[in-house]
Every structure is written in C-alpha cells, then in structure tokens.
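Each chain is listed here by its residues.
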Amino acid sequence: MPDQKIVTRFAPSPTGHFHLGGVRSALYNYLFAKQNKGTYILRSEDTDKERSKKEYEDGFLDLFEWLGLKPDQFFRQSERTEIYKKYLEKMIADGSAYVSKEEIKEAGQRSEVIRFKNPNKKIVFNDIVLGDIEFDTTDLKDFIIARSLTEPLYHFTVVVDDFEMAVTHVIRGQEHIANTPRQILIQEAIGAPRPLYAHMPLILGKDKSKLSKRDPEVIPALEYRDLGYLPEAIINFMALIGWNPGGEQEVFTLEELIEKFNLHKIQKSGGVFNSEKLDWLNKEHMKRLPPAEIEKNILEWLPAEMKNPKLVPLVLERISKWGDVKDMIERGELDLFFKSPTIDKAKLIYKNIAPEKIISNLKLAIKALEDLTEENFTTEIIKNTLILIANNLGSRGELLHPVRYALSGLDKSPDPFIIASIIGKNETLSRLQKAI
Ligand code: GLU
C-alpha cells in the first residue's frame, strides 16, 4: 500500500495523572505522522466511567498544548457509544460475539456480558521494534468485550476506533504486547485490516530498574511545566529515551526530530530516564532562546523587589530551569544584591597583608570608581579599572579580595565587577566605605 496515508494515534485513558512516559508515546506517534505528511490522532479512551475524570483529560490536553504537539484530530470514546453498539450488534448477529449470563457470586444473581467467540488459533504478528511475535490465543478463552451494548470495553473500542479512523501504525508501550493478540482476533472478526505495530521499550530509572511510583521522575508531567522546564527540552529529552539518530548531536528542535526520527531504529531494550540529562538539555535550549525571552522569563520568576534586568546574565549562568531561580532566592544567593552585607573585619584581610595596606587599597578602589560615570559603571569597565590598579600592587588579590568581600560579605560570591555593576555606583562606594 505505497500510497496509503499514514495515520497514527495516541490513546491515553484519563484515569490518573499523566506522566512523561506518555509524552514519549505521543511524541513518536506525532513525529512519525508528521514526517510522512500523515495524520496524528489524539483519542481519549474514557469508556471506564468510574475511573475516567475530566480533570485528567484536561491535564493531558493542557500538556500537549504546552508542548506544541497538536493533534490533527481529537476523539473521545464516550461520545462514540452508538458506533460501538453497531459493531456489537453485527458481531452478535454473525456469531463472532455472544451474550453470556454471568453469575454474581455473593447475591446469587445473574447479569449479562458480551463475550468474544474465540476461534482459538495461533496469531503471529510482526512488530517493527521486536520482530515476529507468536501467541496461542486458546488461553484467552472467550473474553469479555462489553458489559452491555452501550458499555463496550477497552480491547473492543480500540479495534473499532483504529479501524474507523483508518489507523495504519499502532505505536505504543511494550505493556500492550499482551493485548495485541486479543485485538487482532477482534480485527479479524470485524474485517478490519491489521495495522502495523511498534511496541516501544520501557522507560527505566537511573539504576536500570523499572520506574516505580516512588521515583522522583514519576511526577505528573504538567509539574515539569510548573518547575520551569521548556517544552522543547522535554520533547528533546523524551525523544531520545529509546531512540537516537546516532552521531554527536544531542540538542534537537521538534522540526529536526520530525526529519530525523526513525521508527525502525527504536531500540528493543529499556531506555533510562536520566534527570541530569534533562536538566542539561533544558539549559542548552534555554541558552538558545532570544535574549529578550530569557530576560522576560527570569524576571517573571524574580519577586517584585528583585526584578533587576542586570541580574539576568548572572542568574542564567546558575540555573538549568526557570524554577531554579526560586531555589536561588530561597538559599539567599541574591540577597547580597539587595542588602548591604555584615562585614567580619578579619575576613577583609588578604593573606599576610597588613590591615593598613588593605585600607589604602580599598581607598584606591573608591577613588578610581568614583571617576566612572553612572553610564560607564558596567562590568567590563569596572573590571578594567580595578585590574589596572591591582596589576600595580604586589598581587592582584590584595585589592580584589577585600573589594569582593566588602561588596558581598561572603566567602564565596560572584566576582566583584559583576556585583558592583548590578548594585550600582552609589551602593558600591558605600559598601567599600563601610568596610574601610
Ligand atoms: N488507552 C490505553 C492506555 O491508556 C492505550 C490503548 C492503545 O494504545 O492501544 O493504556
């Protein structure tokens, strides 16, 4: 079928918070459809009335909107009951399904369900990732496909929908392999063509064990947005768990992924979720943003009294996601820019330099900086000015150390030129004076 239009679908059930693992499934379906000029369908599988919740569906809809993975079509299974009913009636009429009376043990009552008439045969399917997979379906018995004509169950609705929506490729997690033979049996019964299957490897924790609920990575996917990760980084990171294009490049845009993705190169074994790599990729994507956008985001995360654009380069250097700004503030790392530090006299001394010498060096610094106009009070010019004086002393440290300490009051801090330019001329001179 060389001219057949490629149709993929991602079919989450809104029965719980959506995790990043699902983002990878959605993404591979999206990438494959887009690179083939095909159709990518998002389908909310909400037939389980008790467990499906609107808030969970809203959650993944918001998430995909944020990630920019826009589906070409969206369906909700709960709105398709009539379609499923038609197929159930047809199957019952042709004998491929039948109504069976079930005993409800405790009350001794009977209720009805619809069972599939299992032809008990061998099914072989070729999985794009895993190769040939063979199943004897006899063990599956006559499995239940609906509780009633208006209450169809998962295996059945998936098959009907994939058929009705002309899905050509079912790309989903390996946990669905065991479901595939049942679904193939139903396809054969309703005369649906078999789609191609690609079952993706599991996502593993750092120690290569299966991710468990206790792992920090297993937080609702939307929380990554709230922590200040970039959508392009999440996409880049998830794309590379279980597939990679080879070569040195690690940072990819969505456009590049669409071009490079290869469904036939998905690996068989589990892919590791490495949070440090996510942070690294996030930083790489942050650095590629237009400067105005970086500034806007960092300022947004700073509290009102700290919204100083001069802080942006310094903050950017120290974060890997916007939310880290909050941590910097909590750790007090920005306090020195907003309040004059308390000075411990002894810490002003550099090595064995006499206090008088330190005082005279600080005076030299004040004198030189006083001569700079407000306009020239930039990191570069302050640096050149102070280095020029420092070079004429026995060692640069006997000037730069006391200046840095006088400005920050900290054993470790950004360099004094940056601090001075951020706090401005008046505050710089006043801190130096106070130290003297
Ligand atoms: N609704 C199923 C789930 O949430 C997925 C169905 C499928 O991809 O075939 O796991």
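Residues numbered from 1 in each chain as written. Predicted model: local features only at pLDDT ≥ 70, side-chain atom pairs only at ≥ 80, totals over all residues. Heavy atoms only, no water.

- Under an unreviewed UniProt entry, the name given to the protein chain is Glutamate--tRNA ligase.
- Looking at the Subunit (unreviewed entry) heading of the UniProt record, one finds this comment for the protein chain: "Monomer."
- The UniProt entry for the protein chain carries the following comment under Function (unreviewed entry): "Catalyzes the attachment of glutamate to tRNA(Glu) in a two-step reaction: glutamate is first activated by ATP to form Glu-AMP and then transferred to the acceptor end of tRNA(Glu)." (UniProt positions renumbered as here; feature names shortened; annotations may be inferred.)

## Remarks on the packing of aromatic side chains
Step number 1: This structure, assessed with the given rule, holds 13 aromatic pairs.
Step number 2: Arranged with centres 6.4 Å apart and planes meeting at 70 degrees, the rings of Tyr-87 and Phe-163 form a pair that is edge-to-face. Residue Tyr-87 is located in helix α3 (residues 81–94), and its partner Phe-163 is located in helix α4 (residues 154–164); the two are separated by 76 residues in the primary sequence.
Step number 3: Arranged with centres 4.9 Å apart and planes meeting at 80 degrees, the rings of Phe-237 and Phe-273 form a pair that is edge-to-face. Pair noted here: Phe-237 is in helix α7 (residues 231–239) and Phe-273 is in the loop between β13 (271–272) and α9 (275–287), with a separation of 36 residues, a long-range link. Of the two residues, Phe-237 and Phe-273, neither departs from the other in class, the shared state being buried.
Step number 4: Among the aromatic side chains, those forming a connected cluster through ring pairs are Phe-10, Phe-18, Phe-60 and Phe-64.
Step number 5: Above the plane of the ring of Phe-75 lies Arg-80, whose end atom (NZ or CZ) is 5.2 Å from the centre.
Step number 6: Sitting over the face of the ring of Phe-143, Arg-182 holds its NZ or CZ atom 5.6 Å from the ring centroid. (Phe/Tyr/Trp six-rings, centres within 6.5 Å; stacked < 30°, edge-to-face > 60°. Helix = DSSP H or I, 4+ residues; strand = E, 2+ residues; numbered from the N terminus. Buried < 20%, exposed > 50% of the residue type's maximum accessible area, 1.4 Å probe, protein only. Lys NZ or Arg CZ within 6 Å of the ring centre and 35° of its normal.)

## Brief notes about the packing of α4 against helix α5 (residues 180–190)
Step number 1: Relative orientation of the contacting elements α4 and α5 amounts to 55 degrees, with a least axis distance of 9 Å. Relative to α5, α4 is oriented oblique. Crossing hand, α4 versus α5: right-handed. Note on element contacts: α5 touches α4 through Arg-182, Gln-183, Ile-186, Gln-187 and Ile-190, opposite Tyr-154, His-155, Phe-156, Val-158, Val-159, Val-160 and Phe-163.
Step number 2: Here the residues of the contact of α4 with α5 are counted per class, giving 8 nonpolar, 3 polar and 1 charged. (Axes fitted to C-alpha atoms, helices over the stretch in contact; angles between N-to-C directions. Parallel < 35°, antiparallel > 145°, perpendicular 65-115°, else oblique. Left-handed = near helix turned anticlockwise from the far one by under 90°. Contact = heavy atoms within 4.5 Å. Nonpolar A, V, L, I, M, F, W, Y, C, P; charged D, E, K, R; others polar.)

## With respect to a negative patch on the surface
Step number 1: Residues Asp-132, Glu-134, Asp-136 and Asp-139 make up a contiguous surface patch of negative charge.
Step number 2: Inspection of the secondary structure assignment puts Asp-136 in strand β7 (residues 131–136).
Step number 3: With a relative accessible area of 42%, Asp-136 lands in the partly exposed category. (Patch = residues over 30% accessible without salt bridge, like charges linked within 9 Å, V, L, I, M, F, W, Y side chains within 5 Å. Areas by Shrake-Rupley, 256 points an atom, 1.4 Å probe, with all protein chains shown as cover. Salt bridge = Lys/Arg side-chain N within 4 Å of Asp/Glu carboxyl O. Lys, Arg positive; Asp, Glu negative; His and termini not counted. Charge placed at Lys NZ, Arg CZ, Asp CG, Glu CD.)

## Focus on the site of the ligand
Step number 1: Arg-9, Ala-11, Pro-12, Ser-13, Glu-45, Tyr-154, Arg-172 and His-176 make up every residue found near the ligand.
Step number 2: One of the side-chain N or O atoms of Arg-9 is found 2.8 Å from an oxygen atom in the ligand.
Step number 3: Contact between the ligand and Glu-45: a nitrogen atom at 2.5 Å from a side-chain N or O atom of the residue.
Step number 4: Protein contact buries 81% of the 290 Å² of open area that the ligand shows by itself. (Near = heavy atom within 4 Å. Polar contact = N/O pair within 3.5 Å; in protein donor to acceptor, adjacent residues only side chain to side chain.)

## Describing α5
Step number 1: Burial of α5 is extensive: 8 of the 11 residues sit out of reach of the surface.
Step number 2: At the C-terminal side of α5, Gly-191 shows a positive phi close to 75 degrees.

## Considering the nonpolar core
Step number 1: Among the nonpolar cores identified, the biggest contains 52 residues, and Ile-298, Val-315, Leu-334, Phe-337, Leu-386, Leu-399 and Leu-432 are the most heavily contacted of them.
Step number 2: Only α10 (291–301), α11 (312–318), α12 (324–330), α14 (355–370), α15 (379–391), α16 (397–408), α17 (416–423) and α18 (425–435) provide two or more residues apiece to this core.
Step number 3: Not counting residues up to four positions away in its chain, the partners in contact with Leu-432 are Leu-362, Ala-365, Ile-366, Leu-369, Val-403, Ala-406 and Leu-407.
Step number 4: Tyr-28, Ala-221, Leu-263 and Phe-273 belong to the second-largest nonpolar core, a separate cluster that totals 49 residues. (Core = buried A, V, L, I, M, F, W, Y, C linked by side-chain atoms within 4.5 Å.)

## So, α10
Step number 1: The complete set of buried residues in α10 reads Ile-294, Asn-297, Ile-298 and Leu-299.
Step number 2: Lining the buried residues of α10 we find α9 and α11.

## Some thoughts on the environment of Ala-365
Step number 1: Note that Ala-365 resides in helix α14.
Step number 2: Each C-alpha atom of the pair Ala-365 and Leu-399 lies 7.8 Å from the other, and the pair is 34 residues apart in sequence.
Step number 3: The residues touching Ala-365, leaving out its near neighbours within four places in the chain, are Leu-386, Ile-389, Leu-399, Val-403 and Leu-432.

## Quick word on the environment of Leu-204
Step number 1: Mapped onto the fold, Leu-204 is located in strand β12 (residues 203–204).
Step number 2: A relative accessible area of 12% places Leu-204 in the buried class.
Step number 3: The sequence separation of Leu-204 and Phe-273 amounts to 69 residues, and the corresponding C-alpha distance is 5.9 Å.
Step number 4: Look past the residues within four positions of Leu-204 in its chain and what remains in contact with it is Ser-209, Lys-210, Leu-211, Gly-270, Gly-271, Val-272 and Phe-273.

## Things to note about the pattern of salt bridges
Step number 1: Per the counting criterion, the structure on display carries 29 salt bridges.
Step number 2: Here Asp-72 and Lys-34 are joined by a salt bridge, their closest N and O atoms 3.1 Å apart. Here Asp-72, found in the loop between α2 (54–67) and β3 (73–76), pairs with Lys-34, found in helix α1 (residues 20–35); they are 38 residues apart in sequence, far enough to count as distant.
Step number 3: Judged by relative accessible area, Asp-72 falls into the partly exposed class, the value being 40%.
Step number 4: As a salt-bridge pair, Glu-89 and Lys-85 come within 3.9 Å of each other at their nearest N and O atoms. Here the residue Glu-89 and the residue Lys-85 both occupy positions in helix α3, the gap between them amounting to 4 residues, near one helical turn.
Step number 5: Using a relative accessible area of 39% as the deciding quantity, one classes Glu-89 as partly exposed.
Step number 6: What makes Lys-85 partly exposed here is its relative accessible area of 23%.

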